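What the coordinates show
If you want the building blocks of each chain, they are given just below.
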Protein chains: 2
Amino acid sequence: MDEPRWLDAEEMRAWRGYLGLVRLLDYRLNRDLQEESGLTAADYEILVRLSEAPQRQQRMTELAEGAMISKSRLSHQMTRLENRGLACRVGCQTDRRGAFAVLSDKGFDALAAAAPGHVASVRRHLFDQLTPEQVKVLGDLSDAVIAGLTRD
Amino acid sequence: MDEPRWLDAEEMRAWRGYLGLVRLLDYRLNRDLQEESGLTAADYEILVRLSEAPQRQQRMTELAEGAMISKSRLSHQMTRLENRGLACRVGCQTDRRGAFAVLSDKGFDALAAAAPGHVASVRRHLFDQLTPEQVKVLGDLSDAVIAGLTRD
DNA sequence: CTCGGATAGTTGAACCCTCAATCAGACTGT
DNA sequence: ACAGTCTGATTGAGGGTTCAACTATCCGAG
């Protein structure tokens, strides 16, 4: 193995910062969301995606790819959402292997009730702490890293 | 509840970017680390902290706070590390309720073997994709958000 | 001294995620 | 038609995380 370049001081600071940011922010956002709405972040993301999809429904595989989670995980998650009446599965007519995840009215209502609080929480804990310039760079830098990670 | 300010376009872009960044980067870093060293990110962090502590040991509570995880989670984690011989627990003399988590030689060796590959992975997937300016802003912005989250 | 409350840490159950195995339906070439 | 392979999705086991309950010890007030 080659001698690796270590991280310089600025990089180490950014790295430690990133780690702390993610842990703290995820924790707080999840906590706020859970307390205010009874939804987890995982629940919330699925409901948002379904609510934005045509007919409020989407194929399982497509939904899993969009949310960047495994099909297995989505399947388990959908089972839980289904048990709570927030969504349901409907078989696909044209491809009988396939299934659509469908947002129920109850799921839509739960999302509508949760969204304002969640947005407020994201705003308060994240964007209210940042300058417009920092927001822009966060977007740019995320895109750059994602691009690197996405092109195999 | 007050009318919440929604996110503007730049904020929404940054938010979606952040979400994708975290999911993808965590996934890839964990995967690389696991494959190359057999350690999970959670294992790795505990070992790093112990390796940097005086005597390569630290009180359970202090370690949990530093790593920003619950005492319960640390306790389970230490049980697993202990079973693999990477660390062990030693009772505290002056406070018989307390315990030190201690890094074993085997744990130190495992960390030393894992570190270069992990650093290379962080560099490749994250810092090689960013400009020095972006790295600086990432550090700044993380500090700002953490500060907001930390002052109750 | 000793009672009550705070603190250090552990435990077990419930829950969630991952991974490999599986199933059923669709496509492809012969 | 049909064997082989690919794809969409589910399942179950195993392992990690959370939450509340618990044990044991320490400390301060009376």
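By convention here, each chain's residues receive numbers from 1 onward along its written sequence. As a convention, the first chain written is A and the first ligand written is 1, with the rest following in written order. Where local features are concerned, this predicted model is filtered to residues with pLDDT of at least 70; where side-chain atom pairs are given and counted, the filter is 80 or more; whole-chain, interface and lining totals use all residues. Side-chain calculation: all heavy atoms of the structure are included, whereas hydrogens and water are not.

Quick look at the overall build of chain A
Here a helix means four or more residues in a row that DSSP labels H or I, a strand means two or more in a row labelled E, and each is numbered from the N terminus. Secondary structure summary: chain A contains six helices and three strands in total. Listing every helix and strand of chain A by position from the N terminus yields α-α-β-α-α-β-β-α-α. The C-alpha radius of gyration computed for chain A amounts to 19 Å, which surpasses the reference 15 Å derived for 152 residues by more than 25%, pointing to a less compact arrangement than a globule. Across chain A, contacts joining residues at least 24 apart in sequence account for 52% of those joining residues at least 6 apart. Per-residue accessibility takes into account occlusion by the displayed protein chains alone, with areas from the Shrake-Rupley method and a 1.4 Å probe. Accessible surface, chain A as shown: approximately 8,300 Å² in total, 51% of it carbon and sulfur. Considering chain A, the positive charge centre built from 21 side chains and the negative charge centre built from 23 side chains are found 6 Å apart. Here the globule rule reads 2.2 Å times residues to the power 0.38, and the radius of gyration is calculated from C-alpha atoms. Contacts were defined at the residue level, with two residues in contact if any of their heavy atoms lie within 4.5 Å. When charges are counted, Lys and Arg contribute as positive and Asp and Glu as negative, whereas His and the chain ends are disregarded. Where a charge lies is defined by one atom per residue type: Lys uses NZ, Arg uses CZ, Asp uses CG and Glu uses CD.

Quick look at the sheet that holds strand E1 (residues 57-59) of chain B
The strands that make up a sheet pair up through hydrogen bonds in the backbone, lying either parallel or antiparallel. Residue and element names in this part refer to chain B. Between any two strands, at least two bridges found by DSSP are needed for them to pair. Spatial strand order, E1-E3-E2: three strands in an open sheet with antiparallel pairing. Every interior strand has two partners, whereas the edge strands, E1 and strand E2 (87-91), have only one. Across the sheet, the mean angle from the axis of one strand to that of its neighbour is 30 degrees, orientation sign disregarded. As paired elements, E2 and strand E3 (residues 99-103) share five bridges and run antiparallel to each other. When the bridges of E3 are listed, Arg 89 appears paired with Ala 101. Docked against the sheet, helix H4 (residues 71-83) engages E2 and E3, running at close to 115 degrees with respect to E2. Working convention: axes come from line fits to C-alpha atoms, limited for helices to the stretch in contact. Angles between N-to-C directions cover 0 to 180 degrees.

Thoughts on the interface of chain B and chain A
At the junction of the two partners, chain B supplies 56 residues and chain A supplies 56 residues. Buried area is a sum: the accessible area each of two parts loses on coming together, probed at 1.4 Å, counted once for each and added. When the buried surface of chain B facing chain A is broken down by residue, B:Tyr18, B:Arg123 and B:Leu149 rank first, second and third, together holding 12% of it. Contacts described as polar in this section are N or O atom pairs within 3.5 Å, which, within protein, must combine one atom able to donate a hydrogen with one able to accept it, while residues neighboring in sequence count only if both atoms come from side chains. On the surface where chain B and chain A come into contact, there are 18 residue pairs in polar contact (both at pLDDT 80 or more). Of all the secondary structure elements, the ones that give two or more residues to the side of chain B that touches chain A are helix H1 (9-37), helix H2 (41-52), helix H5 (105-125) and helix H6 (132-150) of chain B. With 17 residues, the top contributor of residues to the side of chain B that touches chain A is H1(B).

Section: the packing of H2(B) against helix H3 (residues 60-67) of chain B
Residues and elements named next belong to chain B. It is the contact of H2 with H3, at a shortest axis distance of 11 Å, that shows an interaxial angle of 120 degrees. In terms of orientation, H2 lies oblique with respect to H3. Regarding H2 and H3, the two cross each other, and that crossing is right-handed. Contact residues: Glu 45, Ile 46, Arg 49 and Leu 50 in H2; Leu 63, Gly 66 and Ala 67 in H3. Polarity classes work like this: nonpolar for Ala, Val, Leu, Ile, Met, Phe, Trp, Tyr, Cys and Pro, charged for Asp, Glu, Lys and Arg, and polar for all others, with Gly in that last group. Class assignment for the residues of the contact of H2 with H3 results in four nonpolar, one polar and two charged. We call two directions roughly parallel when the angle between them is under 35 degrees, roughly antiparallel when it is over 145, roughly perpendicular when it lies between 65 and 115, and oblique otherwise. Crossings are sorted by hand: turned counterclockwise from the far helix by less than a right angle, the near helix makes the crossing left-handed, and turned clockwise it makes it right-handed.

Concerning the pattern of salt bridges
Think of a salt bridge as a Lys or Arg side-chain nitrogen and an Asp or Glu carboxyl oxygen that are within 4 Å of each other. All chains considered together, the criterion is met by 30 salt bridges over all chains. Of the charged contacts, one joins B:Asp143 and A:Arg13 as a salt bridge, the two residues approaching to 3.3 Å between their closest N and O atoms. Note that B:Asp143 is positioned in helix H6 and A:Arg13 in helix H1 (residues 9-37), a pairing that runs across two chains. For B:Glu52, the salt bridge identified is with A:Arg16, shortest N-O distance 3.3 Å.

Section: the pairing of E3(B)
Sheet topology note: the E1(B)/E3(B) ladder contains three bridges and is antiparallel. Across the sheet, the residue bridging to B:Gln57 is B:Val102, located in E3(B).

Remarks on H3(B)
Remark: exposure states derive from per-residue accessible area (1.4 Å probe, protein chains only) relative to the maximum for the residue type, with buried under 20%, exposed over 50%, and partly exposed in between. Of all the positions in H3(B), only B:Met60, B:Leu63, B:Ala64 and B:Ala67 are classed as buried. Taken around the axis of H3(B), the buried residues stretch over an arc of 100 degrees, which confines them to a single face. Residues of H3(B) that are buried sit in contact with H1 of chain A together with H2, E1, H4, E2 and E3 of chain B. Starting at the helix axis, one direction is taken to each C-beta atom, and the arc is that of these directions.

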